[in-house]
Amino acid sequence: MILDILETIQDWKAEGHKVVFTNGVFDILHVGHLHCLETAKSFGSKLIVAINDDESVKRLGKGENRPMNTEDNRAQLLTGLNCVDLVVIFSEDTPLEAIKLIEPDVLVKGGDYDAECTDTKNPTYVVGSNEVRTAGGEVLTVPLLPGHSTTNILNSLLL
């Protein structure tokens with residue numbers, strides 16, 4: 001499976017496409033996610049979204065009942081978005097190995113991260129940013145939409 005994905009990505013690069021990579025859990029898809037994904041796509045011509053598998057979501061400590069949606073359902077929803085060209089699922093705690101394999105031209109995260117941070121121990125560090133920059137790529141962040149988060153949605157359901 002990963003070899004097919006890598007072949008597709010190499011074909012895109014050979015055709016001159018600028019490959020953008022972002023990642024996250026994307027458990028309950030909302031307008032904030034869509035804003036981030038559409039903006040990420042605008043930085044290139046092909047958008048790859050990497051999502052945590054169910055076990056890595058549990059290890060992130062997002063909550064006892066998380067993820068709410070399975071990795072397959074999350075991947076299917078993301079694949080259905082016009083701005084998303086490819087979805088990959090990773091099982092590690094971070095997407096670093098996927099980033100190293102894919103070698104994106106642009107790495108994108110939400111505005112709660114710092115694109116300039118190089119300290120891998122800092123919680124605002126964009127995982128893979130040092131590797132992407134070393135390979136000549138860019139690291140960018142997208143401002144978050146205030147009030148739009150999975151946490152806010154889940155908290156409102158509990159009221």
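Basis of the calculations
- Residues numbered from 1 in each chain as written.
- Predicted model: local features only at pLDDT ≥ 70, side-chain atom pairs only at ≥ 80, totals over all residues.
- Heavy atoms only, no water.
- Helix = DSSP H or I, 4+ residues; strand = E, 2+ residues; numbered from the N terminus.
- Buried < 20%, exposed > 50% of the residue type's maximum accessible area, 1.4 Å probe, protein only.
- Contact = heavy atoms within 4.5 Å.
- Areas by Shrake-Rupley, 256 points an atom, 1.4 Å probe, with all protein chains shown as cover.
- Pairing = 2+ DSSP bridges.
- Arc of directions from axis to C-beta.
- Salt bridge = Lys/Arg side-chain N within 4 Å of Asp/Glu carboxyl O.

(A) Just the overall build of the protein chain, in detail. Helices and strands together make up the secondary structure of the protein chain, namely 7 helices and 5 strands. Secondary structure elements in the protein chain, listed N-terminal to C-terminal, are α-β-α-β-α-α-β-α-β-α-β-α. Taken over 159 residues, the protein chain has a buried fraction of 42%. Intrachain contacts of the protein chain at a sequence separation of at least 6 include 74% that bridge at least 24 residues. With an accessible surface of roughly 8,700 Å², the protein chain has 52% of that area assigned to carbon and sulfur atoms.

(B) Focus on the pairing of strand 3 (residues 86–90). The element strand 3 is extensively covered by neighbouring structure, given that 4 of its 5 residues are classed as buried. The sheet contact formed by strand 2 (residues 46–52) and strand 3 spans 5 bridges and is parallel. If you follow Ala 50 over to strand 3, its bridge partner there is Val 88.

(C) Structural detail: helix 4 (residues 71–79). For helix 4, the set of buried residues is Arg 74, Ala 75 and Leu 78. Take helix 4 and look down its axis: the buried residues cluster within an arc of 100 degrees, on one side only. The exposed residues of helix 4 that point more than 90 degrees off its buried face are Asp 72 and Gln 76. Those residues of helix 4 that are buried are in contact with helix 2 (31–42), strand 2, helix 3 (54–59) and strand 3.

(D) Local environment of the pattern of salt bridges. Scanning all chains against the criterion turns up 6 salt bridges. Here Lys 18 and Glu 138 are joined by a salt bridge, their closest N and O atoms 3.2 Å apart. Of this pair, Lys 18 sits in the loop between helix 1 (2–14) and strand 1 (19–24) while Glu 138 sits in strand 5 (residues 138–142), placing them 120 residues apart in sequence. Since its relative accessible area comes to 35%, Glu 138 is described here as partly exposed.

No statement about biological role is implied by the geometric values presented.
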